[in-house]
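What follows is the residue order along each chain.
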Amino acid sequence: MRALVLSSGGVDSTTCLALAVKEYGNENVIALSIFYGQKHDKELIASGKVADYYQVEHITLDLTPVFAWSDCSLLTHSDKEIPEQSYGEQIKEAGGSPVSTYVPFRNGLFLSAAAGVALSKDCGVIYYGAHSDDAAGSAYPDCSADFVDSMGQAIYLGSGGQLRLVAPFVSVNKAEVVRQGLVLDVPYELTWSCYEGGEKPCGKCGTCLDRAAAFAANKIKDPALAT
């Protein structure tokens, strides 16, 4: 069995990569990272460092043209500011709609692209790091359990039963992801989550706040802030 892991260079996908390597061995794992026109490349740099750490094959794709018409605040052509608020605060302001950092159906496109690559590389499973915090209140609807189940069925049927989707964290929060990752000695010091592309994480955007809370819940300092 070979596995493909969607790798963003962040906490969740890197923990997924650790799980896949433990399950199948690094020689049977591929990390797939996707550029989609975001305002910085820190995520891709981090995903490359993580792939090197685990000594797995690393493939990159550029899906930027698909999002050329989106005004999502994460994208280079958008003049919207990235919110400096927690996801909970953003959801309240959005009235239950997806937050402004939701890239239209991004994860659906990522998983479809991953399925094509996985089949071409003789993989039988795709790992996807969505967790329950991301889906809460429809902040990112393409992280929900219903979405994962539906995409999993589509991938299985569309591949003729050759390919499965595994989302090990879809029913747990980010703190639990970190807890499992600490057991696996995941190199969180190599990861990047911040939506801004500065020298250091901003500490104010939704994903920075979410990440900080997850490490605090495990009573440790974020290793990435100690480097």
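Here we summarise the structure given alongside this text.

A short note on the pairing of strand β3 (residues 57-62)
Pairing geometry for strand β2 (residues 29-35) and β3, over 6 bridges, is parallel. The residue of β3 that forms the bridge with A31 is H58. Following the backbone out of β2, through helix α2 (residues 42-54) and into the adjacent parallel β3, one traces a crossover that is right-handed.

Quick notes on the side chain of T15
Within the secondary structure layout, T15 lies in helix α1 (residues 11-24). Residue contacts for T15: discarding those within four places in its chain leaves F169, V177, G181, L184, V186 and Y188.

Re the packing of aromatic side chains
If you walk through the whole model with that rule in mind, you get 6 aromatic pairs. Judged by centre distance (6.4 Å) and plane angle (80°), the ring pair of Y24 and Y127 falls under edge-to-face. Linking Y24 in helix α1 with Y127 in strand β4 (residues 125-127), this pair joins segments that are 103 residues apart in sequence. With a relative accessible area of 18%, Y24 lands in the buried category. Owing to a relative accessible area of 8%, Y127 belongs among the buried residues under this scheme. The structure contains a cluster of three or more aromatic residues connected by ring pairs, namely Y36, F67 and F110. A cation over a ring is seen here: K42 above W192, with NZ or CZ 3.9 Å from the ring centre. Directly above the ring of Y36 sits R106, whose terminal nitrogen or CZ lies 5.0 Å from the centroid.

Examining the side chain of S73
Here S73 lies in the loop between β3 and α3 (87-94). Residues within four places of S73 in sequence aside, it is in contact with K39, S78, K80, E81, I82, P83, S100 and T101.

Considerations on unusual backbone geometry
Even without glycine at this site, F105 takes up a positive phi of about 55°. If you check the backbone angles, D122 has positive phi at about 60° while not being a glycine. The residue D122 is located in the loop between α4 (106-120) and β4 in this model. With a relative accessible area of 62%, D122 lands in the exposed category.

Notes on the nonpolar core
Counting 45 residues, the largest nonpolar core has L4, L6, L111, I126, Y128 and L165 as its most contacted members. Those elements that place two or more of their residues in this core are β1 (3-6), β2, α3, α4 and α6 (145-158). The dominant element in this core, judged by the number of residues it contributes, is α4, at 7 residues. Within the second largest apolar cluster, 25 residues are counted, among which are A3, C16, A51 and V186.

Quick look at the pairing of β2
Most of β2 sits inside the fold, with 6 of its 7 residues counted as buried. With 4 bridges joining them, β1 and β2 adopt parallel strand pairing. Among the inter-strand pairings, L4 is bridged to a residue of β2, identified as I30. Running through α1, the crossover from β1 to the neighbouring parallel element β2 is right-handed.

Focus on helix α8 (residues 206-217)
Its 12 residues place the ends of α8 17 Å apart at the C-alpha level, agreeing with the 16 Å of an ideal helix rising 1.5 Å per residue. Along α8, the positions that sit buried rather than exposed are G206, T207, C208, D210, R211, A214 and F215. Phi turns positive one or two residues past the end of α8, at K219, with a value near 60°.

Let's talk about the sheet that holds strand β5 (residues 164-166)
In space, the 5 strands of this open sheet follow the order β3-β2-β1-β4-β5, with parallel pairing throughout. Two strands close off the open sheet at either side, each with one partner strand: β3 and β5. Recorded for the sheet is a direction-independent mean angle of 25° between the axes of neighbouring strands. Strands β2 and β3 of the sheet are contacted by α2, whose axis makes an angle of about 170° with β2.

Cut-offs used in this document
- The residue numbers shown here count from 1 along each chain, following its written sequence.
- This being a predicted model, a pLDDT of at least 70 is required before a residue's local features are given, and a value of 80 or more before pairs of side-chain atoms are given or counted; all residues contribute to the totals for chains, interfaces and linings.
- The basis for every side-chain value is the complete set of non-hydrogen atoms in the structure, without hydrogens or water.
- We call two strands paired when DSSP finds no fewer than two bridges between them.
- Labels follow the DSSP assignment, with helices taken as runs of H or I lasting at least four residues and strands as runs of E lasting at least two, numbered in each case from the N terminus.
- Assignment of crossover handedness uses the view with strands pointing away from the viewer, where a clockwise path from the first strand over the helix to the second indicates a right-handed crossover.
- Contacts are assigned to residue pairs with any non-hydrogen atoms lying within 4.5 Å of each other.
- Pairing of aromatic side chains requires ring centres within 6.5 Å, counting the rings of Phe and Tyr and the six-membered ring of Trp. Pairs whose planes differ by under 30 degrees are stacked, by over 60 edge-to-face, and all others tilted.
- Only protein chains enter the accessibility calculation, which uses a 1.4 Å probe; a residue is then buried when its area is under 20% of its type maximum, exposed when over 50%, and partly exposed in between.
- Over a ring means this: the NZ of a Lys or the CZ of an Arg is within 6 Å of the ring centre and within 35 degrees of the ring normal.
- Joining through side-chain atoms within 4.5 Å is the link that ties buried Ala, Val, Leu, Ile, Met, Phe, Trp, Tyr and Cys residues into a set, and such a set is a nonpolar core.
- One fewer than the residue count of a helix, multiplied by 1.5 Å, yields its expected span.
- Note on definitions: angles span 0 to 180 degrees between N-to-C directions of axes, and those axes are lines fitted to C-alpha atoms, for helices only across the stretch in contact.

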